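# Descriptive structure summary
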Amino acid sequence: MVREREQIRKSRMLVSSSVSPLLLTLSLSLSLSSQNPIIPNPFFFIFFFSFINSIHSFLSPLYNLLLLPKSTVPISTLTPPILFRKMSDALSAADDSKHIEELYKYVERLNEATDKSQNLKDYQGIIDMANSSIKAKQLAAQFIPRFFKFFPSLSGSAIDTHLDLIEAEELGVRVQAIRGLPLFCKDTPEHIAKIVDILGQLLVSEEFVERDAVHKALMSLLTQDVKASLTGLFKHIGCVDEPSSDETIREKVLSFIRDKVFPIKAELLKPQEEMERHITDLIKKSLEDVTGAEFRMFMDFLKSLSIFGEKAPPERMKELIGIIEGQADLDAQFNVADADHIDRLISCVYMALPFVVRGASSSKFLNYLNKHIIPVFDKLPEERKLDLLKALAEISPYTTPQDSRQILPNVVQLLKKYMPRKKTIEEMNFTYVECLLYTFHHLAHKVPNATNSLCGYKIVTGQPSDRLGEDFSELNKDFTERLSNVEELTRATMKKLTQGMAEHNKAMAAAKSDEAKDSIKTQKQNTTTGLRTCNNILAMTKPLHSKTPSFIGDKSINLSWKEATKPSVPATTTATGGKRPVTAANGSGNVASKKGRGAGGLPNQLVNRALEGLSHGGRSGTRGRGRGWGGRGRGRGFR
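Criteria and thresholds
- Residues numbered from 1 in each chain as written.
- Predicted model: local features only at pLDDT ≥ 70, side-chain atom pairs only at ≥ 80, totals over all residues.
- Heavy atoms only, no water.
- Helix = DSSP H or I, 4+ residues; strand = E, 2+ residues; numbered from the N terminus.
- Buried < 20%, exposed > 50% of the residue type's maximum accessible area, 1.4 Å probe, protein only.
- Contact = heavy atoms within 4.5 Å.
- Areas by Shrake-Rupley, 256 points an atom, 1.4 Å probe, with all protein chains shown as cover.
- Expected span 1.5 Å × (residues − 1).
- Axes fitted to C-alpha atoms, helices over the stretch in contact; angles between N-to-C directions.
- Parallel < 35°, antiparallel > 145°, perpendicular 65-115°, else oblique.
- Nonpolar A, V, L, I, M, F, W, Y, C, P; charged D, E, K, R; others polar.

## Looking at the overall build of the chain
- Counting its secondary structure elements, the chain contains 25 helices and 2 strands.
- Residue burial in the chain is summarised as follows: out of 639 residues, 48% are buried.
- The long-range share in the chain, meaning contacts at least 24 apart out of those at least 6 apart in sequence, stands at 69%.
- A total of about 31800 Å² of accessible surface is found on the chain, and carbon and sulfur atoms cover 55% of it.

Now the structure itself:
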């Protein structure tokens, strides 16, 4: 107290000493002005600056005494503008303190109240405080959702005010407001859909801490009510009838579902069967308008659900194959110039394979290929031809006798086209021939007598379709001649490939740089695959020379682009971007190449190049990796 009194006494003396010269200057200025009002009065300027200095001198001790008792900055170093700004900040801090104190009074009364709904004015006061200082905004973002359930009459005003806080300029205020959003639904679950919708829009935030708060808030709501939360999230993905209004939000929501929801499906989807069915229905609706990558992502997820697991009944496989058939747009009229539809169709055939292996019908795909695709095979893009033939070969072991009989005539015509006649100089693509021979064997195995009228065989089954009374000898002569020519070209090619392998071995021994060794290693791998292709062709042409051939219908032939199964390791395939078990019914017992869906990996492209020129006019079958579906939806393109 003694020290404070001494400071006040000194302040009074300083003020007095500052004011006295000021009054003297003002008196002289007025006296001079009365004598000659026209002459500029120097005392006026002196008075003005003296006045400013006096104000500074007057306020300095007062500032030190009352507002900045702990300041380490000497007041004498502050110019008047800085001083006024400091005082303004101090006054603002005082206002903050006042707002916070008032806010805590509202909260204290609400906490103490037995029936909080009677304290309407206190809750309204908290809402009003959201429009004051920054600190008060942050506190209001905590308290508005905490007491929200007690004041339904103010629910609209409370939520609107909270949304204003989410849009505040200050990051801290926004983050606190986002963290408070799940609290609105803790005791009022009817608001979950609205809050999830808001959080979905906030996923586009560029601030990491803000985006992290959104993720945590969404996970909190998913834990509270997974059904309502998933429904709200999938609304942002949209469908044909209700498209998403913002592509950026849609992509962010998809990423959140893929990265945060799918990995913990076992914990979230409870009760399991009910919630798995719910998310399946949401996905099916969204698949009406997706890109190829999004479709594969969703299909991979559906395959991982227990309701579509290994013990799932046949109708579940039928459901999945139906989804893929819808995506392939098999009811649409085919346009050979529509490269997007071709890409989608071939990719969907590969995606359907795991389910066909497990008993789903491939009839719709085969009928579409037979009716629309194979007849215009020559007009297809070169990079997609081999993809189609590979897809056809891989699906052929699972065809029904009825489907086999329908598609076999077109397959035989295509096979003849790529098996050159001996008297003409025709090109031969070895991988094309391998695919078509493999398909021919598996189809003919199911309906052997159908080959009588197609290849001139004499297979007796006792059915009218044997057509044994008709003469098809010319067909048989033509077919066997083509087979012989294929065998001759294949053996010549194998000889050259074997010689090439020896050269590769010598080159490898002489190679010094890693780059050269890698190049030679790749050439050796391609030559090995080429030899496998040739061996397969010879194995499949050999039994066809008989008048009553035995067609291959088992897994004795490993297609050249597949790897042989290792008995000690459970085999899987990545043909559709996912995994499927390999069974004795899959026709090959192989592991699909990890290059993708058989839609064109680099090794087979190089294999065909290795074969190019080794037979007269041999042509490389170019391969694409599958350009994928880059657009959105069947109406927007899948390229």
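Next, the rest of the story.
## Re helix α15 (residues 314-328)
- In a regular helix each residue adds 1.5 Å, so 15 residues correspond to 21 Å; α15 covers 21 Å between its end C-alpha atoms and thus fits that length.
- Where α15 is concerned, the buried positions are Arg316, Met317, Glu319, Leu320, Ile321, Ile323, Ile324, Glu325, Gln327 and Ala328.
- With its phi angle positive at about 60 degrees, Asp329 sits one or two positions after the end of α15.

## Brief notes about the packing of helix α6 (residues 155-166) against helix α7 (residues 171-180)
- Orientation of α6 relative to α7, taken along the N-to-C sense of each, is 140 degrees, at an axis distance of 7 Å. Classified by the angle their axes make, α6 and α7 are oblique. Contact residues: α6 offers His162, Leu165 and Ile166, while α7 offers Val173, Arg174, Ala177, Ile178 and Gly180.
- By residue class, the composition of the contact of α6 with α7 is 5 nonpolar, 2 polar and 1 charged.

## Points about the packing of α7 against helix α9 (residues 208-224)
- At their nearest, the axes of α7 and α9 sit 9 Å apart, and the two run at 5 degrees to each other. It follows from the interaxial angle that α7 and α9 lie roughly parallel. Residues Leu171, Arg174, Val175, Ile178 and Arg179 of α7 lie in contact with α9, whose contacting residues are Val209, Glu210, Ala213, Val214 and Ala217.
- Classifying every residue of the contact of α7 with α9 by side-chain character gives 7 nonpolar, no polar and 3 charged.

## As for the environment of Leu199
- Its place among the elements puts Leu199 in helix α8 (residues 192-202).
- Along the chain, Leu199 and Ala217 lie 18 residues apart, while their C-alpha atoms are 7.7 Å from each other.
- Excluding residues within four positions of it along the chain, Leu199 makes contact with Ile178, Leu181, Val214, Ala217, Leu218 and Leu221.

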